[in-house]
Amino acid sequence: MTIMIGDVVCRIRLQHDTDYELGIELFGNFLTDRAPDMTIDLDSTENVDPEEMEPRVADMAYSHNNNRFWTSSDLIAGHYNLAERHISITAERLLGDPSREFNHLNRLMTLLYYSACRIKYGDNPLPAMFLHSCAILRNEEVDLFAGPSGIGKTTVAKLCRPGDGDVINDEMILVHRPASAHGAVLAQGSPIIGGTPARSDVMAPVGRIFLLKQGNRTRVQPVEGSPAYLRLIRQVVTPVYIGQVKERAIYVRMADFSAAIVENVPVYELEFSLDADSLWETVATVEK
Amino acid sequence: MDYALQVNELIWRRIGDEVVIITGDGLATHILNKTAARVWELCDGTHDITGITETICKQFEVSPEKARTDVDDVMAQLEELGLINGPAKV
């Protein structure tokens, strides 16, 4: 199974037919026949009883030594060689259950993306990063509704009725930094699993970013300058590639990326209630 | 001459009139207002306090005395927060 994540191509070799069928079901929109930037051998095990999973996951801690990695609960282990563009992972199959509240497949996808970018771009700025946001295509532009888990991204997606827009993804979106100063910022769908089935491979200009805030009413207000930059940077999925050890380099990338985005995209704080009409009427007031 | 230098592992960006600083471990952030942001930028190891004061005086159109007070206050705070080293006497 070879998939595109942004503009990198990952060939994922699955050992079991059931895993392959699940992969096609989940990531079918992102299949490609392009040459891979990286190959991943992914094997699954069934050594843990379902009732033992949660305590083991809660205690899970990653360890890393040379080119090998593993977790404390024996749930994941593997090795990698980025020079040979290869990663090998063995993981408990239950970790990849799409219905899990914390989806390890999403962690795998972001890791694969950033690792493949490391191979393809080296130390150069990443062309795109993952942002925790719901992305909705409205009037040929993408509105991003950003925030951490539990803030309401999936709720916004579920409040999107036919005619309100098209949900691209309700969990994470790839955001492309502008190619030049004051250039367009683009959003691109990705094989990330959210609370809705929406996972489309669509790319369109970002019109605006809404930082979600829970509340009892619906209102929107602009957020500018430093507050916009800091609140946005917290929604960037940490751009860590496999084996990365330089912590500061990670934050430099996030800082550059967030600065480029807030310079080119208007940012708002959106507080909203569970009323679809007031939500989309309020959003429309800043879309003009 | 008195020089001050930004602490090396900090990550900072100018956002509009302000400077936002993130510590190298990503755990703390600081927002510097217009004046503090300019003082910070001049703490590059090549501007002494006299030069920083002159720049602030011209850029913000304040008296030399006011500029010096503001620069001293800002640099004391930046040093207390661990964001600059110095001023080191050369």
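Residues take numbers from 1 onward in each chain, read along the sequence in its written order. Labels are handed out in written order, letters beginning with A for the chains and numbers beginning with 1 for the ligands. The predicted nature of this model means local features are confined to residues of pLDDT at least 70 and side-chain atom pairs, given and counted, to a pLDDT of 80 or more, with totals for whole chains, interfaces and linings taken over all residues. In computing side-chain values, all of the structure's heavy atoms are included and hydrogens and water are not.

Visitor: With reference to specific residues and values, describe the overall build of chain B.
Guide: A count of helical and extended segments in chain B gives three helices and six strands. By definition, any uninterrupted DSSP run of H or I lasting at least four residues is a helix, any uninterrupted run of E lasting at least two residues is a strand, and each is numbered from the N terminus. Listed by position from the N terminus, the elements making up chain B come as β-β-β-β-α-β-α-α-β. Each radius of gyration is computed over the set of C-alpha atoms, and the globule rule expresses the reference value as 2.2 Å times the number of residues to the power 0.38. Here the C-alpha atoms of chain B give a radius of gyration of 13 Å, agreeing with the 12 Å that 2.2 N^0.38 yields for 90 residues. Overall, the C-alpha framework of chain B stretches about 40 × 30 × 20 Å when taken along its three principal axes. In this scheme, a residue with accessible area under 20% of its type's maximum is buried, one over 50% is exposed, and one in between is partly exposed, where area comes from a 1.4 Å probe on protein chains only. The 90 residues of chain B split such that 43% are buried. Taking all contacts inside chain B whose residues are at least 6 apart in sequence as the whole, residues at least 24 apart take part in 49%. The accessible surface values rely on the Shrake-Rupley method and a 1.4 Å probe; as for residues, cover is taken only from the protein chains in view. In the form shown here, chain B has an accessible surface area of approximately 4900 Å², with 50% of it arising from carbon and sulfur atoms. Distance between charge centroids for chain B: 5 Å, based on 8 positive and 16 negative side chains. Only heavy atoms enter the contact rule, under which two residues are in contact if any of them lie within 4.5 Å. This count recognises Lys and Arg as positive and Asp and Glu as negative, with His and chain-terminal groups excluded. Every charge is mapped onto a representative atom, which is NZ of Lys, CZ of Arg, CG of Asp or CD of Glu.

Visitor: Tell me about the nonpolar core, and please be specific about residues and values.
Guide: The term nonpolar core refers to a set of buried residues drawn from Ala, Val, Leu, Ile, Met, Phe, Trp, Tyr and Cys, joined through side-chain atoms within 4.5 Å. Counting 78 residues, the largest nonpolar core has Ile5, Leu144, Ile209 and Tyr229 of chain A as the members making the most contacts within it. Take this core: its biggest share by element is eight residues, from helix 3 (residues 104-121) of chain A. If sequence neighbours within four positions are ignored, Ile5 of chain A has contacts with Cys10, Met109, Leu112, Tyr113, Phe130, Leu174 and Pro191 of chain A. Core analysis: the next-biggest nonpolar cluster, separate from the first, contains 23 residues, Ala4, Leu42, Val74 and Leu83 of chain B among them.

Visitor: Explain unusual backbone geometry to me, using residue names and the numbers behind them.
Guide: Residues and elements named next belong to chain A. Phi at Asn66 is positive, roughly 50°, even though this residue is not glycine. Structurally, Asn66 can be placed in the loop between strand 4 (62-65) and strand 5 (68-71). The exposed category is assigned to Asn66, whose relative accessible area is 62%. Unusually for a residue other than glycine, Asn139 sits at a positive phi of about 55°. The residue Asn139 is located in the loop between strand 8 (128-138) and strand 9 (141-146) in this model. Judged by relative accessible area, Asn139 falls into the exposed class, the value being 66%.

Visitor: Could you give an account of the interface of chain B and chain A, naming the residues involved and the relevant values?
Guide: Between chain B and chain A, the contact holds 14 residues from the first and 13 residues from the second. Two parts placed together each lose some accessible area under a 1.4 Å probe, and adding up what both lose gives the buried area. The junction of chain B with chain A conceals about 1100 Å² of combined surface from both sides, 65% of it contributed by carbon and sulfur atoms. Per-residue buried area on chain B facing chain A is highest for Ile11, Arg13 and Ile15 of chain B; these three make up 44% of the total on that side. Salt bridge criterion: a side-chain nitrogen from Lys or Arg within 4 Å of a carboxyl oxygen from Asp or Glu. Summed over the shared surface of chain B and chain A, the result is one salt bridge. Notably, a salt bridge pairs Asp256 of chain A with Arg13 of chain B, separated by 2.5 Å at the nearest N-O pair. Among the secondary structure elements, those contributing two or more residues to the side of chain B that touches chain A are strand 2 (11-15), strand 3 (18-22) and strand 4 (29-32) of chain B.

Visitor: Which residues make up the environment of Asn8 of chain B, and what values do they have?
Guide: Secondary-structure assignment places Asn8 of chain B in the loop between strand 1 (2-6) and strand 2. C-alpha of Asn8 of chain B to C-alpha of Ala36 of chain B: the two residues are 28 residues apart in sequence and 18 Å apart in space.

Visitor: Tell me about the environment of Pro178 of chain A, residues and numbers included.
Guide: Residues and elements named next belong to chain A. Here Pro178 shows up in the loop between strand 11 (172-176) and strand 12 (186-188). With a relative accessible area of 14%, Pro178 lands in the buried category. Here the alpha-carbon distance between Pro178 and Ser133, two residues 45 residues apart in the chain, equals 18 Å. Excluding residues that lie within four positions of it along the chain, Pro178 makes contacts with Gly183, Ala184, Val185, Ala260, Ile261 and Asn264.

Visitor: Residues and numbers for the sheet that holds strand 2 of chain B, please.
Guide: Residue and element names in this part refer to chain B. What the three strands build is an open sheet, ordered 2-3-4; its pairing is antiparallel. Edge positions in the open sheet fall to strand 2 and strand 4, since each of these has one partner strand only. The mean angle between the axes of side-by-side strands here comes to 20°, regardless of whether they run parallel or antiparallel. Where strand 2 meets strand 3, five bridges bridge the pair, whose relative direction is antiparallel. Paired with Trp12 across the two strands is Ile21, which belongs to strand 3. Strands qualify as paired when DSSP identifies two bridges or more between them. Axes here mean lines fitted to C-alpha atoms, for a helix over just the part in contact, with angles spanning 0 to 180 degrees between N-to-C directions.

Visitor: Tell me about helix 3 (residues 64-80) of chain B, and please be specific about residues and values.
Guide: Note on helix geometry: an α-helix contains 3.6 residues per turn, so any two residues three or four positions apart are oriented the same way. All names here are of chain B. Between the first and last C-alpha of helix 3 there are 24 Å, a value that for 17 residues agrees with the 24 Å anticipated at 1.5 Å per step. Three or more residues of helix 3 are buried, namely Ala67, Asp70, Val71, Val74, Met75 and Leu78. Angular distribution of buried residues about the axis of helix 3 spans 125°; they occupy a single face of the element. In helix 3, the exposed positions that point more than 90 degrees away from the buried face belong to Glu65, Gln77 and Glu80. Two residues or fewer past helix 3, Gly82 is found with a positive phi of approximately 80°. Expected helix span is taken as 1.5 Å per residue step, with the number of steps being one fewer than the number of residues. The arc in question is the one spanned by the directions pointing from the helix axis to the C-beta atoms.

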